[in-house]
Amino acid sequence: MEPTIRNGSAGLATRWWIDAQRNPERGDIVLIRRPGNQGFYLKRVLGLPGETLAFKDGVLFINGQMESEPWVRTRSDWTLPPVRLGPDEFFVAGDNRAVAIYEQTAGVVHRSRLGGRLIF
């Protein structure tokens, strides 16, 4: 999540929106459970359930419309064909877009793997 959150930084997370069956919003930083419940990692929510998401030359498109990402400082040539998200799916990625997309832990995450929202 660099440069937004530096390695070794401390923050505060909340489960309130999960416990209250609320949904994260685009731009939220969420904790995602690793497979086997072996800890968490942080990513930013980019795509919401039912949306179609794509990257073209580093630019995010939601339902065919270019999306502003003020948290991204450096872009690379991320390219991803359109991905349609299911009713309980979110698309997440880190803010360090200088790193190639295939080197990132980015992609579709099921609601059940969301562990909380970072509130700093």
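Before reading on, note that the structure itself is shown above.
The structure contained in this document is the topic of the report that follows. Here the structure is a predicted model, which means the values were calculated and not measured.

1. Quick look at the overall build of the protein
The number of helices and strands found in the protein is one helix and ten strands. In the protein, the order of α-helices and β-strands from amino to carboxyl end is β-α-β-β-β-β-β-β-β-β-β. Expressed as a percentage of the 120 residues in the protein, the buried residues total 40%. Across the protein, every contact between residues at least 6 apart in sequence was considered, and the portion connecting residues at least 24 apart equals 58%. In the structure as shown, the protein presents an accessible area of about 6800 Å², 49% of it carried by carbon and sulfur atoms.

2. Here we look at the sheet that holds strand β6 (residues 65–66)
Pairing between the strands of a sheet comes from backbone hydrogen bonds, and it takes one of two forms, parallel or antiparallel. Reading across from one edge, β6-β5-β4-β7 is the order of the four strands in this open sheet, with antiparallel pairing throughout. The strands lining the two open edges of the sheet, one partner per strand, are β6 and β7 (80–84). Looking at chain direction, strand β5 (residues 59–62) and β6 are connected through two bridges and run antiparallel. Looking at the pairing, Ile62 lines up with Gln65 of β6.

3. Observations regarding the pattern of salt bridges
Applying the stated criterion across every chain, the model contains six salt bridges. The shortest N-O distance in the salt bridge between Arg26 and Glu51 comes to 2.7 Å. Pair noted here: Arg26 is in the loop between α1 (16–19) and β2 (29–33) and Glu51 is in the loop between β3 (40–47) and β4 (52–56), with a separation of 25 residues, a long-range link. In this structure Arg26 comes out as partly exposed when scored by relative accessible area, which is 25%. Glu51 sits in the buried class, given a relative accessible area of 12%. Put simply, Arg75 and Glu69 hold a salt bridge, and the shortest N to O gap is 3.4 Å. Among the residues examined, Arg75 registers a relative accessible area of 39% and is labelled partly exposed. According to the relative accessible area criterion, Glu69 is buried, its value standing at 4%. Salt bridges linked by common partners bring Arg26, Glu51 and Glu67 together as one network.

Reading guide: rules and limits
- Residues numbered from 1 in each chain as written.
- Predicted model: local features only at pLDDT ≥ 70, side-chain atom pairs only at ≥ 80, totals over all residues.
- Heavy atoms only, no water.
- Helix = DSSP H or I, 4+ residues; strand = E, 2+ residues; numbered from the N terminus.
- Buried < 20%, exposed > 50% of the residue type's maximum accessible area, 1.4 Å probe, protein only.
- Contact = heavy atoms within 4.5 Å.
- Areas by Shrake-Rupley, 256 points an atom, 1.4 Å probe, with all protein chains shown as cover.
- Pairing = 2+ DSSP bridges.
- Salt bridge = Lys/Arg side-chain N within 4 Å of Asp/Glu carboxyl O.

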